[in-house]
Amino acid sequence: MTASAAFAQPRRRRRLFVEAGSALLGLVLFVWSLTPIYNMFLIALDPEEGEIEFDGNIWPPNPSLDAFWDALSQEARYLEAFWLQFGNSLYIGLATMLLTVVVASLASFALGRLRSRLTPLLANAGLAVYLLPASCLIIPLYRIAHGYGLADTKWAVIGAQVAFAAPFAVVILQHYARLVPTELDEAARLDGASAGQLYRHIYLPLMMPALALVAAFALVVAWNDYVYQFVLLTSWRNTTVSIMQAQLFTDTDAEWNAMMAAAIVYALPPLALFVALQRYVTRLTG
Amino acid sequence: MIDAMSSTQQILVARPADDHRRQSGRRPSWRRAELLWAAAFAAPYLTVLLGFGLYPAAVALWMARQPALYAELFAEPLYWPTVVNTLLFVGLAVNVKMFAALLLSGFFMQRRWWIKGLLVIFVVPWFIATVQAFISFHWMLIGEYGLIDQVLLQLFGIDGPTWFNDRWLALACNIVAYSWKWLPFWTLIFLAGRRAIPSEIMDAAAVDGADGVRRFTLVSFPLLANLYLVCTLLATVWGFGDFATAYFVSGGTPVNTTNVVATLSFRFAFDDARPAIGVAAAVSALPVLIPICLVLMRRLQTRDMQL
């Protein structure tokens, strides 16, 4: 009895140590993840134009939602066209997401089933896009967009975003496809299913978790973008939230609180997508 | 010990062989009609790649073809400090972030309610748009009134530094901000990779008496090594293209000492209206990027990579 208790003592102590360690790590991760977001709220909740930054406050002294109202009702300076810009961002984001999913899943289906000497060429063509830094392609793209008749259109941005997101999407899809058993589609093929039917009825349903991840990735790529939008979209009616916020950033006289409120609103669509797709993504991550 | 590890090794050895047998052969050969289908399926992808990736890349190389451009570029006073910054930024941000992501994915493997909840919060930074998040970083760190310095002062009584007055501190801020943004994404990828490791392998290792560190170095790391390498190379390539961090977090302060190649080439091309030298600045990263892309292509060809 005493012997086993003495034996258990160091083990219990070690367990406690591990528990304390993971609780501490959890706390650090919590603070790490939320500090910049807390800072956004700190500024957005200030009723006085966000001057709070220069008053040395670390929590909102008198929080108010005025700034959110100013942003949503487009009353703040710079935010007169917030909903137009938000709509443009959403248009670019959703189109990039849908096109990336469609284009990459078609390509990955072809790659997975096609055994020929062309396969590595096709797979590598995508990665060659990453050879030049993305921000370098923007300079020639600016010229080429005119040649394509896409100058100052959202489709120039969407095309560039899809070209950036799709190669990685194909990598993800191909590796997930290897985990999916091929027996099912061999059986379907013996039954005379066409490639189109295989893609629609077998490939797409089985690949849902990976497709969800790819969709989230593509939306976030488009949502994060500033350079492509700034260079390729020149007219007022095409401006996006990113362009507006960057413009505001350089103006020392701007209303920071309304700007941060707009930033928080802008963060919502990807979060909503995350919640919607969580069911699928957790199937990948457990 | 050697005897004890054998059951783990048996499973480790058995699996790739099994996979290999399944993948080679037995696949009905494609007929011509099906090849046409495959070509049709790949066509949209190739069109986008050619139109918005490879053709602009070719134009970029053509614009930057003259050796004289590089002589001019190397003589620019801003160029060499920028190269140092870029190498530091990419080298540190990518490697620290990837290694942290690999370790954290192990932490998030635990199936406890609070760790699952924490994962949701941990992923949020990836979904906050770059521009907005980095502007928040900028204000958080700006001068003595920023949130970080105020927290240091009011809660801990420490006089924080003026982050953006020092080149190395400002660079460190960029690295931290960039890692903050991308850490969750890579953690998720590694988490998916770990989940794909069959549980019988980990169970066998545990039965053999391997502790946490040994399970990591002897079992999960070798299985994740290829994924880790591929992701690190991809992150490196993307890191070279990153514009937003240097532009928004440090803004190049103090006085243009924290630019990276991406912001410098943008500045040459659009602020100074010298597109050719802007492209040349970016093209000068090719000696680093070509080997990375070649290794990446080779690695992605290997059949046994798991995700």
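A quick note: this is a predicted structure, and the numbers were derived from the prediction, not measured.

Chemist: Is there a simple way to think about the overall build of chain A in this case?
Modeler: In terms of regular secondary structure, chain A is built from 13 helices and 0 strands. Walking chain A from its N terminus toward its C terminus, one meets helices and strands in the order α-α-α-α-α-α-α-α-α-α-α-α-α. The C-alpha radius of gyration of chain A comes to 25 Å, more than 25% above the 19 Å expected for a compact globule of 286 residues. Here the C-alpha coordinates of chain A stretch approximately 85 × 70 × 30 Å along the principal axes. When burial is assessed residue by residue, chain A has 47% of its 286 residues classed as buried. Sequence-distant contacts, at least 24 apart, represent 78% of the contacts inside chain A between residues at least 6 apart.

Chemist: For this particular structure, what's the right way to read the overall build of chain B?
Modeler: From N to C terminus, chain B includes 14 helices and 0 strands. In sequence order, chain B lays out its α and β elements as α-α-α-α-α-α-α-α-α-α-α-α-α-α. In chain B, which comprises 307 residues, the proportion classed as buried is 45%. Long-range contacts, defined here as pairs at least 24 residues apart, represent 74% of the contacts in chain B between residues at least 6 apart.

Chemist: Can you walk me through the packing of helix H3 (residues 67–75) of chain B against helix H13 (residues 275–283) of chain B in this structure?
Modeler: Residues and elements named next belong to chain B. Contact pair H3 / H13: the axes reach a minimum separation of 9 Å and the direction vectors enclose 80 degrees. With respect to H13, the element H3 is oriented roughly perpendicular. Residues Leu69, Tyr70, Glu72 and Leu73 of H3 touch H13, and the partners they reach there are Ala276, Ile277, Ala280 and Ala281. Looking at the contact of H3 with H13, its residues break down into 7 nonpolar, no polar and 1 charged.

Chemist: Teacher, can you tell me more about the interface of chain A and chain B here?
Modeler: A common way to state how big an interface is: give the accessible area lost once the parts meet. Each side of the interface is counted separately: chain A has 78 residues, and chain B has 81 residues. Residues that form the side of chain A that touches chain B fall into these classes: 59 nonpolar, 15 polar and 4 charged.

Chemist: Looking at this structure, how should I read the environment of Thr182 of chain A?
Modeler: All names here are of chain A. Here Thr182 is to be found in the loop between helix H6 (154–179) and helix H7 (183–190). Given 17 C-beta atoms within 10 Å, Thr182 falls into the partly exposed group. Separated by 10 residues in sequence, Thr182 and Gly192 place their C-alpha atoms 16 Å apart.

Chemist: Help me understand unusual backbone geometry, please; the structure alone is not making it clear to me.
Modeler: Only a minority of non-glycine residues have a phi that is not negative, and only a minority of peptide bonds are not trans. Residue and element names in this part refer to chain A. In this structure, Gln74 takes a positive phi of about 60 degrees despite not being glycine. The topology assignment puts Gln74 in the loop between helix H2 (66–72) and helix H3 (82–113). Of note, the phi angle at Asp152 is positive, near 55 degrees, even though the residue is not glycine. Under the C-beta neighbour-count criterion, Asp152 is labelled partly exposed, with 13 such atoms within 10 Å.

Chemist: Please clarify how the packing of helix H12 (residues 261–271) of chain B against H13 of chain B should be interpreted in this entry.
Modeler: All names here are of chain B. The interhelical angle for the contact between H12 and H13, taken along N-to-C directions, is 170 degrees, at an axis separation of 7 Å. Taken together, the axes of H12 and H13 lie roughly antiparallel to each other. Residues Val261, Leu264, Ser265, Phe266, Phe268 and Ala269 of H12 form the contact with H13, whose participating residues are Pro275, Ile277, Gly278, Val279, Ala281 and Ala282. Across the contact of H12 with H13, the residue classes break down as 10 nonpolar, 2 polar and no charged.

Chemist: Explanation requested: helix H8 (residues 167–195) of chain B in the structure shown.
Modeler: Counting along an α-helix, one turn takes 3.6 residues, and residues three or four places apart therefore face a common direction. Residue and element names in this part refer to chain B. The end-to-end C-alpha distance of H8 is 41 Å, a good match for the 42 Å that 29 residues give at a rise of 1.5 Å each. Largest kink in H8: about 40 degrees, centred on Trp182, with the proline Pro184 one to four residues after it. Taking burial as the measure, the 29 residues of H8 include 22 buried ones, the bulk of the element.

Chemist: What exactly am I supposed to notice about the confidence of the model for chain B here?
Modeler: Fine structural detail should not be taken from predicted coordinates in areas where pLDDT scores are low. All names here are of chain B. Scored by pLDDT, chain B has a mean of 82; 88% of the residues are at 70 or more. Put simply, helix H1 (residues 6–23) is where chain B has its lowest mean pLDDT, 41, and helix H4 (residues 79–107) is where it has its highest, 94. Scored below 50 in pLDDT, residues 1–28 shows 19 contacts in the model against residues more than four places distant or in partner chains. Scored by ipTM, the complex comes to 0.87, with pTM at 0.86.

Chemist: Can you help me understand the domain arrangement of chain A in this one?
Modeler: Per the domain assignment, the segments making up chain A are domain 1 (2–71) and domain 2 (82–254). The C-alpha-based centres of domain 1 of chain A and domain 2 of chain A are spaced at 35 Å.

Chemist: Got a minute to help me understand the nonpolar core in this structure?
Modeler: Generally speaking, soluble globular proteins have nonpolar side chains that are buried together. Residue and element names in this part refer to chain A. Of all hydrophobic cores here, the largest spans 194 residues; its most connected members are Ala169, Val214 and Ala218. When residues are assigned to domains, this core turns out to be shared by domain 1 (2–71) and domain 2 (82–254), each giving three or more. Not counting the four nearest positions on each side in its chain, Ala218 is found in contact with Thr96, Met97, Thr100, Val101, Ala165 and Ala169.

Chemist: What's the story with the confidence of the model for chain A in this structure? I'm lost.
Modeler: Residue-level pLDDT values for chain A average 84, and 90% of them are 70 or greater. For chain A, the element scoring lowest by mean pLDDT is helix H4 (residues 118–128) of chain A, at 75; H3 of chain A scores highest, at 92.

Chemist: I tried to follow helix H7 (residues 147–156) of chain B on my own but got confused; where do I start?
Modeler: All of the buried residues in H7 of chain B are Leu147, Ile148 and Asp149 of chain B. One or two steps after H7 of chain B, the chain reaches Gly157 of chain B, where phi turns positive at roughly 70 degrees.

Cut-offs used in this document
Residues numbered from 1 in each chain as written. Chains lettered and ligands numbered in written order. Predicted model: local features only at pLDDT ≥ 70, side-chain atom pairs only at ≥ 80, totals over all residues. Helix = DSSP H or I, 4+ residues; strand = E, 2+ residues; numbered from the N terminus. Rg over C-alpha atoms; globule rule 2.2 N^0.38 Å. Buried ≥ 20, exposed ≤ 12 C-beta atoms within 10 Å, placed from the backbone. Contact = placed C-beta atoms within 7 Å. Axes fitted to C-alpha atoms, helices over the stretch in contact; angles between N-to-C directions. Parallel < 35°, antiparallel > 145°, perpendicular 65-115°, else oblique. Nonpolar A, V, L, I, M, F, W, Y, C, P; charged D, E, K, R; others polar. Expected span 1.5 Å × (residues − 1). Bend = angle between axes of the 7 residues up to and from the residue. pLDDT = per-residue confidence, 0-100. Domains from an automatic or database assignment. Core = buried A, V, L, I, M, F, W, Y, C linked by C-beta atoms within 7 Å.

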